[in-house]
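Residues per chain, in single letters:
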Amino acid sequence: KDYLNQMNQNYIDIANNTIEIGKRLILAKSLVKHGQWQSWLQNNFQLSQSAANKFMSVAERFANSESIPILKTTQMIALLSLPDAEETEKFIEAKAAEGKKVADMTIKQLREEIDEQVVSFIWRLMTGGHDDGRGALVTNSKRYRMRRI
């Protein structure tokens, strides 16, 4: 049983370390002269610029989140598809209300759920309407059924 507890703690440590690396990269980027970031990364960071960008995005999104202890790094990266930190927290809370724990979802399941959320978010932005919570979008007193794309 101790090995399971240690394994779960390792997942938490990985998530926290991912955020810490992102914070340090953000700080380093702020200290590097304009136009020198890519060169600095090549000389000082063992991974690609794309990886550095993901670390920084995870840090920006989750540094102050209460969800960190329950999420794996791959889940945090998947959640970056949502528009912002507020939508991310709403998404996690909504899934919990549905009896679904984001931390227990596979990446495939999580991406499917996120895709639905992003489509709904874009639709609301485009129409100025809101989701009535029953799969319909309400705008100007009309109801539209949401269809999966």
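Residues numbered from 1 in each chain as written. Predicted model: local features only at pLDDT ≥ 70, side-chain atom pairs only at ≥ 80, totals over all residues. Heavy atoms only, no water.

With 16 residues, the main nonpolar core has Leu79, Phe91 and Leu110 as its most contacted residues. When residues of this core are traced back to their parent elements, those giving at least two are α1 (2-31), α3 (49-62), α4 (73-79), α5 (85-97) and α6 (107-127). The contact partners of Phe91, leaving out residues within four places of it in the chain, are Leu79, Leu82, Val102, Leu110, Glu113, Ile114 and Gln117. With nine residues, the next largest nonpolar core counts Ala28, Val32, Phe45 and Met56 among its residues. (Core = buried A, V, L, I, M, F, W, Y, C linked by side-chain atoms within 4.5 Å. Buried < 20%, exposed > 50% of the residue type's maximum accessible area, 1.4 Å probe, protein only. Helix = DSSP H or I, 4+ residues; strand = E, 2+ residues; numbered from the N terminus. Contact = heavy atoms within 4.5 Å.)

Further remarks concern the packing of aromatic side chains. Summed over all chains, the structure comprises two aromatic pairs. Centroid distance Trp37 to Trp40: 5.3 Å. Interplanar angle 5°. Geometry classified as stacked. One end of the pair, Trp37, and the other, Trp40, are both in helix α2 (residues 37-44), three residues apart, so they sit about a helical turn from each other. The interplanar angle of 90° and the centroid separation of 6.1 Å between the aromatic rings of Phe45 and Phe55 together place this pair among those described as edge-to-face. Remark: Phe55 occurs in helix α3 and Phe45 occurs in the loop between α2 and α3; sequence separation between them is ten residues. A residue is classified by how much of its surface remains accessible, and Phe45, at 15% relative accessible area, is buried. For Phe55, a relative accessible area of 16% corresponds to the buried category. (Phe/Tyr/Trp six-rings, centres within 6.5 Å; stacked < 30°, edge-to-face > 60°.)

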